[in-house]
Amino acid sequence: MKKMFLAAVALLAVVCVSHAQDKKELKDYYEKNAVLNFNDGNNAAGEIEQPKKFDPNFHIYLCLGQSNMEGNARIEPQDREGLSPRFKMMAAVDFQNTGREMGKWYVAVPPLCRENTGLTPADYFGRTMVENTPEDVTIGVINVSIGGCSIDLFDEEKAPAYIASSANWLQNFCKAYDNNPFRRLVDMAKKAQEAGVIKGILLHQGCTNNGQRDWPERVKNVYERLLAELNLEAEECPLLVGELVSQQDNGTCSLHNSVIATMPLVIPTAYVVPSLGCQGNFDKLHFTADGYRELGRRYAKVMLKAEKVSEAMNGKKKAKKNKKK
């Protein structure tokens, strides 16, 4: 009997230790891999000295949406390796396990959205932007995304009623943003403007609004509100909208890609990021890690193209002003 009791105690101890190890897995990773994630084991993951002055070469991009922008694929070792210190993220919430604080900049070690979220297109968007911009340019992202949400969650007038009628799990996600994700994004963006220039907005959302023909107008409302709040001109801050898992990959919500295709007609400064060839996950809603990596690279390629268009448009505006003088 005594032996059975001791065996049971030992088994319980093993289970408890195993559970504790699971909870500490992410924190331990950061502490043990100082070189990979710019962390010395004592500071928050990716902790850096905070910007002390405005830098016009600090290019910042706002990211919003639902689960695909939030990050749904498991983060793999390669995603935490080879990160440039020129690629940064601002935490939009506190990261309890890894010590990140809301409103502070860090080297963009994933996860970028919240603790326990996965790989997102923003990860490889930032990496690719760094690879294709001069060395004196720094890239920053701010990601406010909530899995399963409608575009209405980012409409301040509609959000309270939408949250109240939502499932408990979505309400719990919203609490991290004080039940107002749009306002949190604006607040973080305003703080970011003290350090750099907001150059664009990345959206990946639509599964919850699959096929709804008024979706582009609702997106337009969110986009224009962001521009107004942040005192930005549309020509200098394009909106990039990523397609959902494609029909060829048997995407459950691929119908919405026909709606996304109309975005440039509704918003002249909107660009569509194609998803064809970005591998979809087994659930037919999300992308695999490889899919997110490729989609992120495509966001960057489209953004680089959009920025050239913006530069050309600004050049024409300046030329017209000079002629009037």
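Before any of the text, the structure's been laid out above.
Report follows, based on the coordinates. Given the structure is predicted, the values throughout are model-derived calculations rather than measurements. (Residues numbered from 1 in each chain as written. Predicted model: local features only at pLDDT ≥ 70, side-chain atom pairs only at ≥ 80, totals over all residues. Heavy atoms only, no water.)

### Looking at the pattern of salt bridges
At step 1: Applying the stated criterion to the full structure yields 18 salt bridges.
At step 2: Of the charged contacts in the structure, one is a salt bridge between R297 and E294, with a shortest N-O distance of 3.6 Å. Of the two residues, R297 and E294 both sit in helix 11 (residues 289-324), three residues apart, roughly one turn of that helix.
At step 3: Among the residues examined, E294 registers a relative accessible area of 24% and is labelled partly exposed.
At step 4: Ionic contacts of the salt-bridge type, sharing partners, join the residues E156, E157, R183, K190, R225 and E229 into one network. (Salt bridge = Lys/Arg side-chain N within 4 Å of Asp/Glu carboxyl O. Helix = DSSP H or I, 4+ residues; strand = E, 2+ residues; numbered from the N terminus. Buried < 20%, exposed > 50% of the residue type's maximum accessible area, 1.4 Å probe, protein only.)

### With respect to the packing of helix 7 (residues 181-192) against helix 8 (residues 215-229)
At step 1: Running from amino to carboxyl end, helix 7 crosses helix 8 at an angle of 35 degrees, the nearest separation of the two axes being 10 Å. Where helix 7 crosses over helix 8, the two elements pack in a sense that is right-handed. Here F182, R183, L185, V186 and K190 of helix 7 lie close against helix 8, whose contacting residues are V222, R225, L226 and E229.
At step 2: When grouped by side-chain class, the residues that make up the contact of helix 7 with helix 8 number five nonpolar, no polar and four charged. (Axes fitted to C-alpha atoms, helices over the stretch in contact; angles between N-to-C directions. Left-handed = near helix turned anticlockwise from the far one by under 90°. Contact = heavy atoms within 4.5 Å. Nonpolar A, V, L, I, M, F, W, Y, C, P; charged D, E, K, R; others polar.)

### Observations concerning the packing of aromatic side chains
At step 1: Taken as a whole, this structure holds four aromatic pairs when the rule is applied.
At step 2: When the ring of Y61 is compared with that of F125, the centres are 5.0 Å apart and the planes differ by 80 degrees; the resulting orientation is edge-to-face. Residue Y61 is found in strand 1 (residues 58-65), and its partner F125 is found in helix 4 (residues 121-131); the two are separated by 64 residues along the sequence.
At step 3: Exposure remark for Y61: the relative accessible area of 0% places this residue in the buried category.
At step 4: Given the relative accessible area of 0%, F125 is considered buried.
At step 5: Geometrically, the ring pair formed by W169 and F173 is edge-to-face, given 6.1 Å between the ring centres and 70 degrees between the ring planes. Here the residue W169 and the residue F173 both occupy positions in helix 6 (residues 168-175), the gap between them amounting to four residues, near one helical turn.
At step 6: Owing to a relative accessible area of 47%, W169 belongs among the partly exposed residues under this scheme.
At step 7: Classification of F173 by relative accessible area gives partly exposed; the value is 32%. (Phe/Tyr/Trp six-rings, centres within 6.5 Å; stacked < 30°, edge-to-face > 60°.)

### Some thoughts on the environment of I146
At step 1: Looking at the element boundaries, I146 is found in the loop between strand 4 (138-145) and helix 5 (159-164).
At step 2: Judged by its relative accessible area of 0%, I146 falls in the buried class.
At step 3: When the C-alpha atoms of I146 and Q171 are compared, they prove to be 10.0 Å apart, with 25 residues separating the residues in sequence.
At step 4: With residues near it in sequence (within four places) discarded, I146 still touches G65, Q66, S67, E70, R114, L153, L170, F173, C174, Y177 and P181.

### With respect to the nonpolar core
At step 1: By size, the foremost hydrophobic cluster in this structure holds 90 residues, and its most contacted members are F125, I142, W215 and L239.
At step 2: Among the elements that line this core, the one with the most residues is helix 11, at eight residues.
At step 3: The residues touching F125, leaving out its near neighbours within four places in the chain, are Y61, V141, L202, G296, R297, Y299, A300 and M303. (Core = buried A, V, L, I, M, F, W, Y, C linked by side-chain atoms within 4.5 Å.)

### A look at the sheet that holds strand 1
At step 1: Here we have seven strands laid out as an open sheet, ordered 3-2-4-1-5-6-7, and mixed in their pairing. Two strands bound the open sheet, and with one partner strand each, they are strand 3 (105-107) and strand 7 (270-273). Strand-to-strand twist across the sheet, computed as the mean angle between neighbouring axes with direction ignored, equals 25 degrees.
At step 2: Pairing geometry for strand 1 and strand 4, over eight bridges, is parallel. (Pairing = 2+ DSSP bridges.)

### Considerations on the environment of F58
At step 1: Mapped onto the elements, F58 comes out in strand 1.
At step 2: Judged by relative accessible area, which is 4%, F58 ranks as buried.
At step 3: Linking F58 and A192, residues 134 residues apart in sequence, is a C-alpha distance of 9.6 Å.
At step 4: With sequence-adjacent residues up to four places away left out, F58 is seen in contact with P51, K88, W105, T138, I139, G140, A195, G196 and V197.

### A word on empty space enclosed by the protein
At step 1: Inspection of the entire model under this criterion finds one cavity of 30 Å³ or more.
At step 2: Residue lining of the largest cavity: L64, I151, I201, L203, V219, V222, Y223, L226 and L239, and that is the complete set.
At step 3: Mapped by element, the contributors of at least two residues to the lining of the largest cavity are strand 5 (197-204) and helix 8.
At step 4: A total of four residues in the lining of the largest cavity trace back to one element, the largest contributor, which is helix 8.
At step 5: Among the residues making up the lining of the largest cavity, the classes are represented as nine nonpolar, no polar and no charged. (1 Å grid on protein atoms, 1.4 Å probe; cavity = no way out; pocket = protein on both sides within 12 Å on 5 of 7 lines; lining within 4 Å. Points joined across faces, edges and corners; volume = space filled by probe spheres on them.)

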